[in-house]
Amino acid sequence: MKYHSLVIATILGAAIVALDQSIKYCVTQIMALGERVDILPFFSLYHIRNTGIAFSMLSSFHDISLIFLTLCIIIFVLWLWWNATEQKKLLQFGYLLIIGGALANLIDRLRFHYVIDYALFHIGNWSFAIFNLADVVITIGAVCIILNELWN
């Protein structure tokens, strides 16, 4: 049964990475760095480079340190996924989302030494942090894990 789960995990992870990298490619090809394109009254595309992790935390760290940290997190979450029981589908799904999102951002960091971010939610002068699809997938994965713990 683990082989079947491994195949599904590989397909899901590859799909997340491919979609994230495709969007990032389009953003970098169509938009200049720092350019903002309003899509909706509350949502814009805004091409930036994030040298840190979520919310630009640890941006003063060297990218080798961030690559190592990301790899450690991916390995740890892979271990958690592998050791989760087959009955805990939401938990396993959450782990897979985190792994896929982390891999997608890791590819950016390895290629460019930064992560491409582009999604901006805003209302008037207030705005949320600029992020990307991989960040959304990681967040959804964390929510799945929290929901699994609350339900159990």
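One can find the structure itself at the top, above this paragraph.
It should be emphasised that the depicted structure is a prediction, and the values quoted were computed from it without experimental measurement. (Residues numbered from 1 in each chain as written. Predicted model: local features only at pLDDT ≥ 70, side-chain atom pairs only at ≥ 80, totals over all residues. Heavy atoms only, no water.)

Visitor: With reference to specific residues and values, describe the pattern of salt bridges.
Guide: Using the criterion set out here, one finds three salt bridges in the structure. The salt bridge involving D108 is made with K24; its shortest N-O contact spans 2.9 Å. Here D108 is found in helix α3 (residues 89-112), whereas its partner K24 is found in helix α1 (residues 2-30), with 84 residues between them in sequence. Accessibility expressed as a relative area gives 0% for D108, which makes it buried. Between R36 and D38 there is a salt bridge, and its shortest N-O distance comes to 3.0 Å. (Salt bridge = Lys/Arg side-chain N within 4 Å of Asp/Glu carboxyl O. Helix = DSSP H or I, 4+ residues; strand = E, 2+ residues; numbered from the N terminus. Buried < 20%, exposed > 50% of the residue type's maximum accessible area, 1.4 Å probe, protein only.)

Visitor: Tell me about helix α2 (residues 63-83), residues and numbers included.
Guide: Every α-helix winds through 3.6 residues per turn, so residues three or four apart in the chain are directed the same way. In this model α2 runs 30 Å from its N-terminal to its C-terminal C-alpha over 21 residues, within 8% of the 30 Å that 1.5 Å per residue would give. Burial in α2 covers these residues: D63, L66, I67, T70, I74, V77 and W81. The arc that holds the buried residues of α2, viewed along the axis, is 100°, so those residues lie on one side. Seen from the open side of α2, the exposed residues pointing more than 90 degrees away from its buried face are I64, F68, I75 and W79. (Expected span 1.5 Å × (residues − 1). Arc of directions from axis to C-beta.)

Visitor: Describe in detail unusual backbone geometry, supporting the description with residues and values.
Guide: Unusually for a residue other than glycine, H113 sits at a positive phi of about 75°. Relative to the elements of secondary structure, H113 occurs in the loop between α3 and β3 (115-123). By relative accessible area, H113 is classed as partly exposed at 45%.

Visitor: Just give me the short version of the packing of α2 against α3, but keep the residues and values in it.
Guide: As a packed pair, α2 and α3 sit with axes 9 Å apart at the nearest point and diverge in direction by 160°. Between α2 and α3, the angle is such that the two are roughly antiparallel. Considering how the two elements wind past one another, α2 and α3 form a crossing that is left-handed. Two secondary-structure elements touch here, α2 through D63, L66, I67, T70, L71, I74, V77, L78, L80 and W81 and α3 through Q92, Y95, L96, I98, I99, A102, L103, L106, R109 and L110. For the contact of α2 with α3, the per-class residue count stands at 16 nonpolar, two polar and two charged. (Axes fitted to C-alpha atoms, helices over the stretch in contact; angles between N-to-C directions. Parallel < 35°, antiparallel > 145°, perpendicular 65-115°, else oblique. Left-handed = near helix turned anticlockwise from the far one by under 90°. Contact = heavy atoms within 4.5 Å. Nonpolar A, V, L, I, M, F, W, Y, C, P; charged D, E, K, R; others polar.)

Visitor: Outline α3, supporting the account with residue identities and numerical values.
Guide: For α3, built from 24 residues, the straight-helix expectation of 34 Å at 1.5 Å per residue is met to within 8% by its first-to-last C-alpha distance of 35 Å. Two residues or fewer past α3, H113 is found with a positive phi of approximately 75°.

Visitor: Residues and numbers for the sheet that holds strand β2 (residues 43-50), please.
Guide: Remark on secondary structure: sheet strands pair via backbone hydrogen bonds, oriented parallel or antiparallel. If you walk across this open sheet you meet the four strands as β1-β2-β3-β4, and the pairing is antiparallel. Two strands lie at the open edges of the sheet, namely β1 (36-40) and β4 (126-127), each paired on one side alone. Bridge analysis of β2 against β3 gives six bridges, and the strand direction is antiparallel. Note that in β3 the partner of F43 across the bridge is F121. In this fold α3 packs onto β2 and β3, with an angle of close to 125° to the strand it touches most, β3. (Pairing = 2+ DSSP bridges.)

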